[in-house]
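If you want the building blocks of each chain, they are given just below.
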Amino acid sequence: VWSLSKDFRLSFISDQFFESCGVLPVNVIGKKMTDIGWFRSSSGEILVPDLGKPFRNLAYEISATDGSTRHLLLSGLPTFSRETGAFTGVRGIGRDITNRMKAEKTSQTLIAAIEEVSEAFCLYDADDKFVMCNRRFREVNEPIKDLIETGRTFEDFIAGAANTGLVP
């Protein structure tokens, strides 16, 4: 949870910010968001958003005290004086997605490596349900491609391969 003053300086930031980024809130109060981190577009370019308008899940990166980059999604709403209607600042929330982004990158690396294997590769889970395969597996099993889908059992696949004569 965080708040910006009418000049877009941090006026409040919750203690969870320290837990996530290792930066004490007292060290960022009074600073602008662009003084401590940077916003990124969906294509990865640094951007300067209009924080005076509502925004949702805006990508924001900050350097943690350990030197790592933390990835956050920020959402905020402008606030206005009840008496005058004048802009008074912004209140918002943030969600740390660093671990999710690392997991997605690891997953993408694994998928790319599996695609590069020259042999047919297929993965089933503990319940014997199809999870993923590589291009070579799809090529070899083209006649029964409808059986190569998430959630189908290995037994269904083998029965289909036998019924079509793909395997004796």
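Conventions we followed
- Residues numbered from 1 in each chain as written.
- Predicted model: local features only at pLDDT ≥ 70, side-chain atom pairs only at ≥ 80, totals over all residues.
- Heavy atoms only, no water.
- 1 Å grid on protein atoms, 1.4 Å probe; cavity = no way out; pocket = protein on both sides within 12 Å on 5 of 7 lines; lining within 4 Å.
- Points joined across faces, edges and corners; volume = space filled by probe spheres on them.
- Helix = DSSP H or I, 4+ residues; strand = E, 2+ residues; numbered from the N terminus.
- Nonpolar A, V, L, I, M, F, W, Y, C, P; charged D, E, K, R; others polar.
- Salt bridge = Lys/Arg side-chain N within 4 Å of Asp/Glu carboxyl O.
- Buried < 20%, exposed > 50% of the residue type's maximum accessible area, 1.4 Å probe, protein only.
- Polar contact = N/O pair within 3.5 Å; in protein donor to acceptor, adjacent residues only side chain to side chain.
- Pairing = 2+ DSSP bridges.
- Contact = heavy atoms within 4.5 Å.
- Axes fitted to C-alpha atoms, helices over the stretch in contact; angles between N-to-C directions.

(A) Seen up close, the layout of surface pockets. Of the volumes computed, that of the largest pocket is approximately 240 Å³. Lining the largest pocket are 17 residues, with Val-1, Trp-2, Phe-17, Leu-72 and Gly-94 positioned closest to its centre. Among the secondary structure elements, those contributing two or more residues to the lining of the largest pocket are strand 2 (10–13), helix 1 (16–21), helix 2 (33–36), strand 6 (69–80) and strand 7 (87–96). Broken down by element, the residue count for the lining of the largest pocket peaks at four residues, all from helix 1. Considered class by class, the residues forming the lining of the largest pocket number 11 nonpolar, four polar and two charged.

(B) Fine view of the pattern of salt bridges. Following the criterion strictly, the structure yields 11 salt bridges and no others. In this structure, Glu-115 engages Arg-138 in a salt bridge whose closest nitrogen and oxygen atoms are separated by 3.2 Å. Placement of the pair is Glu-115 in helix 3 (residues 98–116) and Arg-138 in helix 4 (residues 135–140), with a sequence separation of 23 residues. With a relative accessible area of 19%, Glu-115 lands in the buried category. The class for Arg-138 is partly exposed, based on a relative accessible area of 35%. Between Glu-142 and Lys-145 there is a salt bridge whose closest N-O contact spans 3.3 Å.

(C) Local environment of the environment of Ser-41. Of note, Ser-41 is situated in the loop between strand 3 (37–40) and strand 4 (46–47). On a C-alpha basis, the gap between Ser-41 and Ser-3 in space is 22 Å, while along the polypeptide they are 38 residues apart. Here Ser-43 takes part through its side chain, which lies 3.0 Å from a polar atom of the side chain of Ser-41.

(D) Spotlight on the sheet that holds strand 3. Strand order in this open sheet of seven strands is 2-1-7-6-5-3-4, and the pairing throughout is antiparallel. Strand pairing shows two members of the sheet lacking a second neighbour, strand 2 and strand 4, which therefore form its edges. Strands strand 6 and strand 7 of the sheet are contacted by helix 3, whose axis makes an angle of about 135 degrees with strand 6.

None of the figures reported here should be taken as evidence of function without further support.
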